[in-house]
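# Structure at a glance
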Amino acid sequence: PWILYEERKNINIYMYDNPNLPIVKIEKTLDSSLSKDEIFNTILNIENYNNVLTDKKIYSEFVTVDSDTSFGYQKTKNYIPFIRNRHLIFKLYKVDDNRLEWSIIDNNNQLYGRFKHRRIKELEVGAGRWEFLERDDTNLLIHYLYIDPNMNIPSFILNSVMRNSAESVMEDVLNYTKINNK
């Protein structure tokens, strides 16, 4: 069951009601000028993430593609003392015409080889989904995010970071899509 955390104009933020499974869901009502294909193309273009994402603490890199699955690398700089930077390799794929999913791959995967570094900690558990729902006069974009940073931090801090991150990524994707598809 989802609990409405915050409601604003055109956006609802939910948290999954399970303290052991902190999942964020962001629902944004869009005007019909943004197409699903334009939005999904922005999300699927891992090579362009450094231009899409405005948070400069995140570095992204395209790794490879295997059939219909793309693999990307991300590193997050952490400015908290004594906390190591985090990185991950994720796979991203289209589930159907209205849904994309991603998940962190196992850190023993050979793709991690060139990214291994003793000063950076691998994120091991995380996944997300993008859904596009078409309505008569508006569209709905939904972004789900789950990350387990494997850190001993209070859940309210983790939940806040995840909510802010999910909403920020969604806004970055939509702003980039608007600007570059006129």
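All of the points below concern the structure found in this document. (Residues numbered from 1 in each chain as written. Predicted model: local features only at pLDDT ≥ 70, side-chain atom pairs only at ≥ 80, totals over all residues. Heavy atoms only, no water.)

### Observations concerning unusual backbone geometry
Phi angles above zero are rare outside glycine, and N10 is one such case at about 70°. In this structure, N10 sits in the loop between β1 (2–8) and β2 (11–16). Among the residues examined, N10 registers a relative accessible area of 38% and is labelled partly exposed. With phi around 60°, S67 is a residue other than glycine that occupies positive phi space. (Helix = DSSP H or I, 4+ residues; strand = E, 2+ residues; numbered from the N terminus. Buried < 20%, exposed > 50% of the residue type's maximum accessible area, 1.4 Å probe, protein only.)

### Quick look at the environment of E101
With respect to the helices, strands and loops of the structure, E101 is situated in strand β7 (residues 99–104). Measuring from C-alpha to C-alpha, the distance between E101 and W130 comes to 6.3 Å, with 29 residues separating the pair along the chain. Leaving out residues up to four positions away in the same chain, E101 has contacts with K91, L92, Y93, V95, G128 and R129. There is a polar contact of 3.0 Å between the side chain of E101 and the side chain of R129. (Contact = heavy atoms within 4.5 Å. Polar contact = N/O pair within 3.5 Å; in protein donor to acceptor, adjacent residues only side chain to side chain.)

### A short note on a nonpolar patch on the surface
On the surface, I153, F156, I157 and V161 cluster together to form a nonpolar patch covering roughly 360 Å² of accessible area. Within the element layout of this structure, F156 appears in helix α3 (residues 155–180). (Patch = residues over 30% accessible without salt bridge, like charges linked within 9 Å, V, L, I, M, F, W, Y side chains within 5 Å. Areas by Shrake-Rupley, 256 points an atom, 1.4 Å probe, with all protein chains shown as cover. Salt bridge = Lys/Arg side-chain N within 4 Å of Asp/Glu carboxyl O.)

### Focus on the pairing of strand β5 (residues 69–76)
Counted residue by residue, β5 has six buried out of eight residues, so it is predominantly covered. Judged from the eight bridges that link them, strand β4 (residues 58–66) and β5 form a sheet pairing that is antiparallel. Within β5, the residue paired with F62 across the bridge is G72. Bridge analysis of β5 against strand β6 (residues 85–96) gives eight bridges, and the strand direction is antiparallel. Within the sheet, the bridge partner assigned to S70 lies in β6 and is L92. (Pairing = 2+ DSSP bridges.)

### What about the pairing of strand β3 (residues 24–31)?
Across the eight residues that make up β3, a large majority, six, are buried. In this structure, β2 lies alongside β3, joined through five bridges in antiparallel fashion. Bridge assignment links Y14 to a residue of β3, and that residue is K25. Of the strand pairs in this sheet, β3 and strand β10 (residues 138–148) are connected by eight bridges, and their pairing is antiparallel. Bridging from a neighbouring strand, K28 pairs with L141 of β10.

### Considering the packing of aromatic side chains
This structure, assessed with the given rule, holds six aromatic pairs. Residues W2 and Y144 carry aromatic rings whose centres are separated by 5.8 Å and whose planes lie at 50° to one another, so their mutual orientation is tilted. Of the two residues, W2 is situated in strand β1 and Y144 in strand β10; the sequence distance between them amounts to 142 residues. The class for W2 is partly exposed, based on a relative accessible area of 32%. Take Y144: its relative accessible area is 15%, and that puts it in the buried class. Pairing Y59 with Y73 gives two aromatic rings, centres 6.5 Å apart and planes at 65°, and the pair type is edge-to-face. Here Y59 is found in strand β4, whereas its partner Y73 is found in strand β5, with 14 residues between them in sequence. Here Y59 falls in the partly exposed class, since its relative accessible area comes to 36%. Judged by relative accessible area, Y73 falls into the buried class, the value being 5%. An aromatic cluster is built from W2, Y16 and Y144, whose rings are joined through pairwise contacts. The lysine or arginine in question, K25, covers the ring of Y14, its NZ or CZ lying 4.9 Å from the ring centre. Its end group placed over the ring of Y5, R163 keeps NZ or CZ at 3.6 Å from the ring centre. (Phe/Tyr/Trp six-rings, centres within 6.5 Å; stacked < 30°, edge-to-face > 60°. Lys NZ or Arg CZ within 6 Å of the ring centre and 35° of its normal.)

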